[in-house]
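Descriptive structure summary
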Amino acid sequence: MSTDDTTPDGLIPAAVLASDMPVAVYGYARAKAGGEGRMLGEIQAIIGLTRKEDGCEQYVVHTTPDQPGAFAFYERWSSGAHLLAHVSQPFMQTYFAAIAGLVEGELEAHWLHPLS
C-alpha cells in the first residue's frame with residue numbers, strides 16, 4: 001500500500017492526481033485460483049457506490065467467460081482530485097485491503113491521455 005494507505009504503491013502517478021483535466025485509466029486484475037468468486041463479489045460491491053461519486057464520468061468493469069477471474073476496468077474522472085477522493089473513500093480502502101490477497105501479481109493501471 002502507499003504511504004497514505006489508500007492505494008497500492010505506485011498505482012496512481014502524482015501527475016495524474018495533480019491534473020485539473022479529466023483523467024482516465026484502463027486497469028487489469030486477475031484473481032488467484034480459487035479466489036475468482038470472492039474477487040467478483042468485492043468488485044460488484046463497489047461499482048454502484050463508485051458510479052454515484054462526484055466526478056465519476058465512467059466506471060465500467062468487464063470480464064470474459066474465456067478467462068474466469070480476469071477483470072478489466074475503465075474509469076474516467078473529472079480531475080485528479082476526484083480520483084483521489086475516490087480512492088480515499090472508506091469503501092475503497094476496504095476494497096483494496098480485501099483484494100490484496102486475492103489478486104494474482106499486481107494490479108495493472110494504464111493511464112490514458114485524450115488526443116483532443
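Notes on the structure follow. These numbers come from a predicted model, not from an experiment. (Residues numbered from 1 in each chain as written. Predicted model: local features only at pLDDT ≥ 70, side-chain atom pairs only at ≥ 80, totals over all residues. Heavy atoms only, no water.)

What about the packing of helix α3 (residues 80-88) against helix α4 (residues 90-99)?
Stated formally: Every axis corresponds to a line fitted to the C-alpha atoms, with the helix fit spanning only the stretch in contact, and the corresponding angles, defined between N-to-C directions, vary from 0 to 180 degrees. For the purposes of this entry, the term helix denotes a DSSP run of H or I that reaches at least four residues, the term strand denotes a run of E that reaches at least two, and both are numbered from the N terminus. Pairs of residues are marked as contacts when any of their non-hydrogen atoms sit within 4.5 Å. Each residue receives one of three labels: charged for Asp, Glu, Lys and Arg, nonpolar for Ala, Val, Leu, Ile, Met, Phe, Trp, Tyr, Cys and Pro, and polar for the others, Gly being one of them.
Running from amino to carboxyl end, α3 crosses α4 at an angle of 65°, the nearest separation of the two axes being 5 Å. When α3 is examined against α4, the residues H86, V87 and S88 are found in contact with a partner set consisting of P90, M92, Q93 and F96. For the contact of α3 with α4, the class distribution of residues is four nonpolar, three polar and no charged.

Examining the nonpolar core
For clarity, the cut-off: Side-chain atoms within 4.5 Å link the members of a nonpolar core, which is a set of buried Ala, Val, Leu, Ile, Met, Phe, Trp, Tyr and Cys residues. Here's how the labels work: a residue is buried when its accessible area is under 20% of the maximum for its type, exposed when over 50%, partly exposed in between, all with a 1.4 Å probe on protein chains only.
Counting residues in hydrophobic clusters, the biggest one holds 26 residues, and the most contacted among them are I12, M39, I43, F73, L83 and Y95. Of all the elements in the fold, those that place two or more residues in this core are β1 (23-30), α2 (36-51), β2 (56-63), β3 (70-77), α3 and α4. When residues of this core are assigned to their parent elements, the largest contribution, five residues, is made by α4. Sequence-distant contacts of I43, defined by excluding residues within four places in its chain, comprise V61, F71, F73 and Y95.

Things to note about the sheet that holds β1
Strands belonging to one sheet form pairs held by backbone hydrogen bonds; the direction of such a pair is parallel or antiparallel. Keep this limit in mind: We call two strands paired when DSSP finds no fewer than two bridges between them.
In spatial order, the strands read β2-β3-β1-β4; together these four strands make up an open sheet with antiparallel pairing. Among the strands making up the open sheet, the edge pair consists of β2 and β4 (108-112). The average angle at which neighbouring strand axes cross in this sheet is 15°, direction not considered. Bridge analysis of β1 against β4 gives five bridges, and the strand direction is antiparallel. Paired with Y26 across the two strands is H110, which belongs to β4. Relative to the sheet, α2 contacts β1, β2 and β3, its axis offset from that of β2 by approximately 160°. Across the sheet, α3 lies against β1, β3 and β4, angled at about 135° from β3, the strand it touches most.

Nothing here speaks to function; it is geometry throughout.
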